Amino acid sequence: MIHYQIKMSYYSNHYKKLNYEWRIMDKTITESILESASTVLSQMVGMNFKTGEITYEKTPFNGQNLLILVGITGRIHGNAVISFSNSLACKFAGTMMMMPDITEIDDFAQSAICELCNMIMGNTATALSQRSVIIDITPPTVLTGQNLEVHVEQTKNINIPLIFDGNDVLNITVSYKE
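Quick summary incoming for the structure in this document.

Rules used throughout
Throughout, residues of each chain are indexed from 1 in the direction in which the sequence is written. Confidence filtering applies because this is a predicted model: local features only for residues at pLDDT of at least 70, side-chain atom pairs given and counted only at 80 or more, and all residues used for totals across whole chains, interfaces and linings. To get the side-chain values, take all heavy atoms of the structure and skip hydrogens and water. Only DSSP runs of H or I with at least four residues qualify as helices, and only runs of E with at least two residues qualify as strands; both kinds are numbered from the N terminus onward. Burial status follows relative accessibility: with a 1.4 Å probe on protein chains alone, a residue under 20% of its type maximum counts as buried, one over 50% as exposed, and anything between as partly exposed. Contact definition: two residues touch when any of their heavy atoms are within 4.5 Å. Only the protein chains shown count as cover for residues, with accessible areas throughout obtained via the Shrake-Rupley method and a probe of 1.4 Å. Counted as a polar contact is a pair of N or O atoms within 3.5 Å, where, for protein atoms, one must be capable of donating a hydrogen and the other of accepting one, and residues adjacent in sequence contribute only when both atoms are in side chains. Pairing between strands is defined by DSSP: at least two bridges between the two strands are required. Buried Ala, Val, Leu, Ile, Met, Phe, Trp, Tyr and Cys residues form a nonpolar core when they are joined through side-chain atoms within 4.5 Å. Any carboxyl oxygen of Asp or Glu that lies within 4 Å of a side-chain nitrogen of Lys or Arg is treated as forming a salt bridge with it. Lines fitted to C-alpha atoms define the axes here, with helix axes fitted over just the stretch in contact, and angles between the N-to-C directions of these axes take values from 0 to 180 degrees. To sort the angles, those under 35 degrees are grouped as roughly parallel, those over 145 as roughly antiparallel, those from 65 to 115 as roughly perpendicular, and the leftovers as oblique. The crossing is said to be left-handed when, going from far helix to near helix, the turn is anticlockwise and less than a right angle, and right-handed when the turn is clockwise. Gly is put with the polar residues, along with every residue not named as nonpolar or charged; the nonpolar set is Ala, Val, Leu, Ile, Met, Phe, Trp, Tyr, Cys and Pro, and the charged set is Asp, Glu, Lys and Arg.

**Focus on the overall build of the protein chain**
(1) Moving on: Helix and strand counts for the protein chain come out as four helices and ten strands.
(2) Moving on: Buried residues in the protein chain amount to 46% of all 178 residues.
(3) Moving on: Taking as baseline every contact in the protein chain between residues at least 6 positions apart, the subset at least 24 positions apart corresponds to 69%.
(4) Moving on: Taken as a whole, the protein chain presents about 9200 Å² of accessible surface, with 49% of it coming from carbon and sulfur.

As structure tokens, this is what we get:
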């Protein structure tokens, strides 16, 4: 069983005004992502995580060094933005490629990270379908750079931080509307 707590934190008044409230769909999406991420990450990179404080975020979304964008279509429409620090992406790619000394994200490492994100979101789509929420996902898109910003307007943005040993954080932010 994965434990988590939802906190609207700083933005609670803003979201109450916009009628953004914690709903069954938010819980369904969050639980599906956490279950999928737990399964995929333990199998593919042998790492477990703690769930950080799940929050509603406002746009623009500020990312780390590497963002993977996966589109979502079907019952809900939007995107999953998966944000990695360079060090965490190198750890994951190195483990997946059996090359533990990776220090930079080249094309091969990007491909490994994209596949990892594709597996997480593919498993999420399966978990959601078991809860009668049918979605499809698009192939991952890679964004790299410093201080990345992604603007997703008129959607609800749920940020799910996954915290690994050494306080490395992978953020999965789902921006969607029904």
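**Focus: the side chain of Asn157**
(1) Moving on: Within the element layout of this structure, Asn157 appears in strand S9 (residues 156-163).
(2) Moving on: A polar contact of 2.5 Å, which involves the side chain of Asn157, links it to the side chain of Ser175.

**Some thoughts on the pairing of strand S4 (residues 66-74)**
(1) Moving on: As paired strands, S4 and strand S5 (residues 77-84) are joined by seven bridges and run antiparallel to one another. Residue pairing across strands places Val70 opposite Ala80, the latter belonging to S5.
(2) Moving on: Taking the residues between adjacent antiparallel strands as the criterion, S4 and S5 are bridged by two residues.
(3) Moving on: With three bridges joining them, S4 and strand S6 (residues 135-137) adopt antiparallel strand pairing. In the sheet register, Gly74 faces S6, and the bridge partner there is Ile135.

**Description of the nonpolar core**
(1) Moving on: Within the largest apolar cluster, 47 residues are counted, with the highest numbers of intra-cluster contacts made by Leu41, Phe84, Phe92 and Leu162.
(2) Moving on: Here this core takes ten residues from helix H4 (residues 107-129), the largest share from any one element.
(3) Moving on: The next biggest cluster of nonpolar side chains, apart from the first, holds five residues, and it includes Val81, Leu148, Val150 and Val152.

**A word on the pattern of salt bridges**
(1) Moving on: Under the criterion given, the structure shown has four salt bridges.
(2) Moving on: The partner of Glu31 in a salt bridge is Lys27, and the shortest N-O contact between them spans 3.9 Å. One end of the pair is Glu31 and the other is Lys27, both in helix H2 (residues 24-44) and four residues apart, which spans about a single turn.
(3) Moving on: With a shortest N-O distance of 2.6 Å, Asp168 and Lys91 are connected by a salt bridge. One end of the pair, Asp168, is in the loop between S9 and strand S10 (169-177); the other, Lys91, is in helix H3 (residues 86-96), with 77 residues separating them in the sequence.

**Comments concerning H3**
(1) Moving on: Burial in H3 covers these residues: Leu88, Ala89, Cys90, Phe92, Ala93 and Gly94.
(2) Moving on: Elements that come into contact with the buried residues of H3 comprise H2, S4, S5, H4 and S10.
(3) Moving on: Remark: Met98 follows H3 within two positions and exhibits a positive phi of approximately 55°.

**What to know about the packing of H2 against H4**
Working note: a packed helix pair is described by the angle between its axes plus the distance between those axes.
(1) Moving on: Closest axis-to-axis distance for the H2/H4 pair is 8 Å, and the angle between their directions is 135°. Classified by the angle between their axes, H2 and H4 sit oblique to one another. In the crossing of H2 with H4, the sense of the turn from one axis to the other is right-handed. Each of Thr28, Ile29, Ser32, Ile33, Glu35, Ser36, Ala37, Val40, Leu41 and Met44 in H2 lies in contact with H4, whose residues at this interface are Leu116, Met119, Ile120, Asn123, Thr124, Ala127 and Leu128.
(2) Moving on: Counted by class, the contact of H2 with H4 contains eleven nonpolar, five polar and one charged residues.

**Remarks on the packing of H3 against H4**
(1) Moving on: Packing of H3 against H4 brings their axes to within 9 Å, and their N-to-C directions diverge by 90°. Classified by the angle between their axes, H3 and H4 sit roughly perpendicular to one another. On H4, the residues that touch Ala89, Phe92, Ala93 and Met96 of H3 are Ala109, Ala112, Ile113, Leu116 and Met119.
(2) Moving on: Partitioned by chemical class, the residues of the contact of H3 with H4 number nine nonpolar, no polar and no charged.

Distances and angles like these do not, on their own, reveal function.
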